[in-house]
Each structure stands twice: as C-alpha cells, then as structure tokens.
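Here is what each chain is made of, one letter per residue.
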Amino acid sequence: MNTIIPLHKSLFTDRASLIIKNNQFTVSAFRYASGVEGLRVENSQGYLTILPFLGQMIWDAEFCGHNLKMDNMFSEPKPVKTVVETYGCFAFHSGLISNGCPSPEDNHPLHGEMPCAAMDRAWLSLSHDSVRVCGDYEYVMGFGHHYLAEPSVTLNANSALFEINMSVTNLASVAMPLQYMCHMNYAYVDNAQLSQNIPESAMTLRESIPGHVNPTPQWLEFNQALKSGAVTLNQLDQPNMCDPEIVFFMDNLAQYTSQPEFRMTSKEGGSFVTRFHSSELNFATRWILYNDDQKVGAFVLPATCRPEGFLAAKNNHTLIWLGAGEKRQFTVTTGVEQ
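All of the points below concern the structure found in this document. Here the structure is a predicted model, which means the values were calculated and not measured.

Let us now look at the overall build of the protein. Looking only at helices and strands, one finds 2 helices and 22 strands in the protein. Its C-alpha radius of gyration of 19 Å places the protein within 12% of the 20 Å reference for a compact globule of 338 residues. Along the longest, intermediate and shortest principal axes, the C-alpha atoms of the protein span 55 × 50 × 40 Å. When burial is assessed residue by residue, the protein has 56% of its 338 residues classed as buried. Summarising the internal contacts of the protein: among those between residues at least 6 apart in sequence, 63% fall at separations of at least 24. Only carbon and sulfur atoms are counted for the fraction: they give 48% of the accessible area of the protein, which is about 14,500 Å². Computing the positive centroid from 21 side-chain charges and the negative centroid from 33, the protein places the two 4 Å apart.

In this section: helix H1 (residues 217-228). If you check H1, its first and last C-alpha atoms are 17 Å apart, about what 12 residues at 1.5 Å a residue would give, namely 16 Å. Residues of H1 that are buried include every one of Trp219, Phe222, Asn223, Ala225 and Leu226, and no others. For H1, the arc enclosing every buried residue in end-on projection is 160°, short of the 170-degree limit, so these residues lie on one face. What points out from H1, more than 90 degrees from its buried face, is the exposed set Pro217, Glu221 and Ser228. Where H1 is buried, its residues contact strand E15 (203-205) and strand E16 (246-250). Looking one or two residues past H1, glycine 229 carries a phi angle of roughly 85°, positive in sign.

Another aspect to go through is the environment of leucine 161. On the secondary structure map, leucine 161 appears in strand E12 (residues 161-170). Between the alpha carbons of leucine 161 and threonine 334 there is a distance of 5.4 Å; along the sequence they are 173 residues apart. Once residues within four sequence positions are removed from consideration, leucine 161 is found in contact with Leu155, Val273, Arg275, Thr333, Thr334, Gly335, Val336 and Glu337.

The biggest cluster of nonpolar side chains holds 78 residues, and the ones touching the most others in it are Tyr147 and Phe162. Once you skip the residues sitting within four places of it in the chain, tyrosine 147 turns out to touch Leu96, Ile97, Glu113, Met114, Tyr137, Glu138, Tyr139, Val168, Thr169, Asn170, Leu171 and Met176. In terms of nonpolar packing, the next biggest core, distinct from the first, is built from 23 residues, Met57, Phe92, Val247 and Trp287 among them.

Attention now moves to the packing of aromatic side chains. Counted under the stated rule, the structure contains 14 aromatic pairs. With centroids separated by 4.9 Å and ring planes inclined at 65°, the aromatic side chains of phenylalanine 30 and tyrosine 32 adopt a geometry described as edge-to-face. Phenylalanine 30 gets classed as buried once you look at its relative accessible area, which sits at 18%. By relative accessible area, which is 12% here, tyrosine 32 ends up buried. A centroid spacing of 4.8 Å and a plane angle of 65° characterise the contact between tyrosine 188 and tyrosine 290, whose relative ring orientation is edge-to-face. Pair noted here: tyrosine 188 is in the loop between strand E13 (176-184) and strand E14 (193-196) and tyrosine 290 is in strand E19 (residues 283-290), with a separation of 102 residues, a long-range link. Look at tyrosine 188 and you get buried, because its relative accessible area is 10%.

Attention now moves to the pairing of strand E9 (residues 121-126). The element E9 is largely enclosed, with a buried count of 5 among its 6 residues. Where E9 lies against strand E10 (residues 130-140), 6 bridges are found, and the strand directions are antiparallel. Opposite serine 125, over in E10, you have arginine 132 as the bridge partner. With antiparallel pairing between neighbouring strands as the criterion, E9 and E10 make up a hairpin whose turn holds 3 residues.

Along strand E5 (residues 46-51), 6 of the 6 residues are buried, which leaves the element largely enclosed by surrounding structure. Both strand E4 (residues 37-43) and E5 contribute to a ladder of 5 bridges, which runs antiparallel. Bridging from a neighbouring strand, asparagine 43 pairs with glycine 46 of E5. Hairpin geometry of E4 and E5 is characterised by an intervening segment of 2 residues between the two adjacent antiparallel strands. Sheet topology places E5 next to strand E6 (residues 57-63); 6 bridges connect them, and they run antiparallel. The residue bridging leucine 48 from the neighbouring strand is alanine 61, located in E6. Taking the residues that link successive antiparallel strands as the turn, the E5-E6 hairpin has 5 residues, and the phi of glycine 55 there is positive, at about 65°.

Attention now goes to the pattern of salt bridges. Enumeration according to the criterion identifies 12 salt bridges in this entry. Here glutamate 76 ties to lysine 78 by a salt bridge, and the two come within 3.9 Å at their closest N and O atoms. Exposure remark for glutamate 76: the relative accessible area of 15% places this residue in the buried category. Judged by its relative accessible area of 29%, lysine 78 is partly exposed. Residue arginine 275 is joined to glutamate 261 by a salt bridge in which the shortest nitrogen-to-oxygen separation is 2.6 Å. In this pair, arginine 275 is assigned in strand E18 (residues 271-276) and glutamate 261 in strand E17 (residues 261-265), connecting sequence segments 14 residues apart. By relative accessible area, which is 17% here, arginine 275 ends up buried. Residue class for glutamate 261 comes out partly exposed when judged on its relative accessible area of 24%. Taken together, the shared-partner salt bridges connect Glu261, Arg263, Arg275 and Glu337 into one network.

Cut-offs and rules
Residues numbered from 1 in each chain as written. Predicted model: local features only at pLDDT ≥ 70, side-chain atom pairs only at ≥ 80, totals over all residues. Heavy atoms only, no water. Helix = DSSP H or I, 4+ residues; strand = E, 2+ residues; numbered from the N terminus. Rg over C-alpha atoms; globule rule 2.2 N^0.38 Å. Buried < 20%, exposed > 50% of the residue type's maximum accessible area, 1.4 Å probe, protein only. Contact = heavy atoms within 4.5 Å. Areas by Shrake-Rupley, 256 points an atom, 1.4 Å probe, with all protein chains shown as cover. Lys, Arg positive; Asp, Glu negative; His and termini not counted. Charge placed at Lys NZ, Arg CZ, Asp CG, Glu CD. Expected span 1.5 Å × (residues − 1). Arc of directions from axis to C-beta. Core = buried A, V, L, I, M, F, W, Y, C linked by side-chain atoms within 4.5 Å. Phe/Tyr/Trp six-rings, centres within 6.5 Å; stacked < 30°, edge-to-face > 60°. Pairing = 2+ DSSP bridges. Salt bridge = Lys/Arg side-chain N within 4 Å of Asp/Glu carboxyl O.

Pasting the structure below:
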C-alpha cells in the first residue's frame, strides 16, 4: 500500500525542509531565490530536483557521479510562462495542444503551453521501494480546449534509472489535438558514442531551418555532408560543427521495434540510456548543440510527431486527435547504466 503525502506550497521555504527520510530515500522541499518551488528526491545512486508546480520540470539530475543535464546559462529556474525564458532544465513536458518549433504561420509558443504550466496540485506517493512525484493540471479555455494533464516521475530504490510519465485526458465534449514530446536535455559528453536499436537509415537530417537557427557557411557544408552520408554524427567528436544545432528525425519507429532504446556511451565508462514504447511514442528527435553558452547531447527526444509545430503535424497527418473523454498515457525510462 502506498503512502500519499500532499505537497502544499507552504512546505517550500528558503530553508530546505525534510519530508521523507528512510533507508531508501531522502526527499526535501525548498524554494529558489526566484520563488520557484523545488523538490530534491534522492536515493543511494543520486538525485533528481523536480519543480512540482512549474510544469513538473526536472531541473537537475545526477546519478553515479554523472550530471545528466545540458550546460546552460541559467543558475536557477525562473517563474515564467514560456520554456525559452528558463531553458536550463534536464527535462520538460513539451505540448500538449501544440509542440515543437512553430513555423511562421503557427501561433503557439515554442514547445507549447505545458512546459511552464502552473500545476494545480502536487503530491508524493511512497512505497517500500519507490517514490513517485505526482501532480495534475487542468487546462480550460472558454470556447477552446479542456484537458487534464497528470505528469509524474518515479525513482526506485538503489537505481540510477527513473521513469517519466504523462497522462492526458480530454475533458471537453469535442475532440482535441494532441502533440507530446518528452524533452530531455542531456549533457554533451565529449567523444561519447551514440547507438540505438533502429537502423541508421531510419535517421533523417532536418532540412527545415527554424527561426532561432542562423546558418553559417561551415554549418551548411557540414549538413550537406551529413545528408550525402560522407560523414556521420555517431560520435560526439565534432563539437565545432554543432553550432548552430544539428537535428535528426526518426519516424514510424514501430516498423523497427516495439521498444526503442537509445544510448550515449562515455569513453570513460557508463551509458546514458532511454527506453520507451513505440505504441505510445512513435517518433523521435536527436538534438546536438555545442557553443559557449549551451552544450546539449539530447541523443533522443521521444514524441508523438516531429517537433516542427502544430501546422506541420496537421499537414503531415501525424497530429493525434483525442476524442471526448479519451485518455492517452506516455512512459519514458531514462538514466544511467554502468
């Protein structure tokens, strides 16, 4: 039987307060100087810092001595409306009505409305061998969409792997569009090897250029070499070629495997790994960026479609339509394997 512990905002103060302490887990609540509430969830292998009331972002992740998240410009999370204003987290929920980089014809923010959603409730669910951070958020708009989002993060005892979940229920009387990406901003690991259980031919270099990307002649030449197959990016050994970002798309993963698995393996030992089900998340993106301000080795971002905005998904017939009262669930397992 699980023990449920409600998380009220009054628990989160400038001085960290202990919520759980046992042989398996330590959970403490605190508040950043910015006013954002933080929850540190720790086991014998490492810890997660989760923002229970800001879209349930995972701000920090560290296991087996490895810091998992991207280098970035943010010293702490900011209480903002859009993710680009606080782009320093390890993971966020991208979507849910719209997702990805909007085209000039789109009218939604980068990565949609969910990343910085003001969560309505948050709580812990504790068992003898796991602790789960849970929350819910009701999106409702007059003459618009109405849904319930229920994200959660589960950490098991003595494990360096953790589970990220999202459940979406359409509360409206008409169908709603649904786009979702589990956006994990993994660190760029020098000389790491990238591998996966799908064929190399399944990866397609992004050819569209979003508004935030400013191509250079060198970058365009490198992209052409990638497209022709003259060079590959299976190893993170060409950082000077990854500014601006290099992005690959992987579509219809179910034709290759029911459980896609992606790895970024360090030359010094240890692998970052991500697994999910193609019946839930049938698309994936790889995002590599390296400059003085941001360094990202996002070896896989599982999703329901490509992250090219609402209209692209609609026009490509990859937009999900969730019927009245219908529910969809997504699960991603990620972390470190030694």
